[in-house]
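Chain by chain, the residues run as shown.
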Amino acid sequence: MRVGMLTGGGDCPGLNAVIRAVVRKGEVHFGDQLVGFRDGWRGLVEGRTQPLDVSHCRGILPRGGTILGTSRTNPYKLEGGVGEVLRTVEREGIDALVAIGGEDTLGVAHRLAAEGLSIVGVPKTIDNDLSATEVTFGFHTAVQIATEAIDRLHTTAESHDRVIVCEVMGRHAGWIATYAGIAGGAAEILVPEEPFDVEVICEALKARHAKGRYASIVVVAEGAVPVAGTLEVASAEVDQFGHPRLGGIANVLAPEIERRTGFETRVTILGHVQRGGTPTAFDRVLATRFGIAAIEAVHEGAFDQMVALRADRIVRVPLSDAVSELKTVDGELLHDVAASFFS
Ligand code: F6P
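Note that the structure is a prediction, hence the values are computed from the model and not measured.

1. Remarks on the overall build of the protein
And step 1. Looking only at helices and strands, one finds 11 helices and 11 strands in the protein.
And step 2. Over its C-alpha trace the protein gives a radius of gyration of 22 Å, about what one expects of a compact globule, namely 20 Å for 343 residues.
And step 3. Scored against the burial criterion, the 343 residues of the protein give a buried share of 55%.
And step 4. In the protein, once contacts between residues fewer than 6 apart in sequence are set aside, the share between residues at least 24 apart is 75%.
And step 5. Averaging the coordinates of the 33 positive side-chain charges in the protein and doing the same for the 45 negative ones gives two points 5 Å apart.

And the structure:
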């Protein structure tokens, strides 16, 4: 078979491990010819391909990013975009596509499957907010990076008796904030799922410091929002999928904490450092398992489906499930586990 592959949306540690697994199993086991499409759906719209065989995948397992490039292009938002995708598939003689991406990329894959394309999806996102799979690769790496950063922030915060507000990624779900906050011993964790009241946070910090603690780390997900009317936050520009470009809530929160508590407060925004660099062993293994399962799904004609992890088994679920529901942070984890350390 001639199998096309693309990576869409934000890059994520482990993408190259998926690519390597699909190519290796496809070429060596099934005798496939793989074709890479550049920069997500944009490569299919513009007909830009890249050769992809076992030799191109040597050494990429530990490498972050994606050798195929990525973008947030949505063919459904471009005049004639879908027609171009279908023409590219026809012209390149592609029998099936493996689309690796998050909710947006997989949403497009599902719609294109309805247009007649044979597509298998592979879920990815550092945000871990896809409900169809128990975990996505990239999340573990992002949590590890954020936790190491919080560990470092503790020692400098303690030396200066400061509060440090550490902003992590997480647009709609606070998984990274919750995991890294628990692992790093945060004094407060703020997530998009539950609007925060800055006054309540400040009272908690004052109570904590009154008990003899003079430093606190507040972990805030970039998508966390204040309770309506409590704090002014500027609105952000949106991408082709309608998502706001976030980042910066910590810059609003920190001066407010300093003003209300009198504690010197600093900001650290981790940003893209959470997405870059080498994947953890866990993410390499999960990504490799997903890649192998995806090319097997192609050969079994399991189209309009994606691979997923459930109870440590790789299963197939309809692509529509990938976009139907957001996986938000478990309240028990936040209230029973994380909050036990907030005072
Ligand atoms: O989708 C994953 C993610 O890392 C989000 O956590 C974040 O809001 C977004 O991507 C950032 O996207 P970009 O790199 O396009 O600014």
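2. Quick word on the sheet that holds strand β10 (residues 305-310)
And step 1. Within the open sheet, the 7 strands sit side by side as β3-β2-β1-β4-β5-β10-β11. Their pairing is mixed. One side of each edge strand has no neighbouring strand; the edge strands of this open sheet are β3 (49-52) and β11 (313-318). On average, each strand axis in the sheet is inclined to that of its neighbour by 30°, with strand direction left out of account.
And step 2. As judged from the 5 bridges shared by strand β4 (residues 96-101) and strand β5 (residues 119-123), these two strands associate in the parallel manner. In the strand pairing of β5, Val98 is matched with Val120.

Definitions and limits used
- Residues numbered from 1 in each chain as written.
- Predicted model: local features only at pLDDT ≥ 70, side-chain atom pairs only at ≥ 80, totals over all residues.
- Heavy atoms only, no water.
- Helix = DSSP H or I, 4+ residues; strand = E, 2+ residues; numbered from the N terminus.
- Rg over C-alpha atoms; globule rule 2.2 N^0.38 Å.
- Buried < 20%, exposed > 50% of the residue type's maximum accessible area, 1.4 Å probe, protein only.
- Contact = heavy atoms within 4.5 Å.
- Lys, Arg positive; Asp, Glu negative; His and termini not counted.
- Charge placed at Lys NZ, Arg CZ, Asp CG, Glu CD.
- Pairing = 2+ DSSP bridges.
- Axes fitted to C-alpha atoms, helices over the stretch in contact; angles between N-to-C directions.

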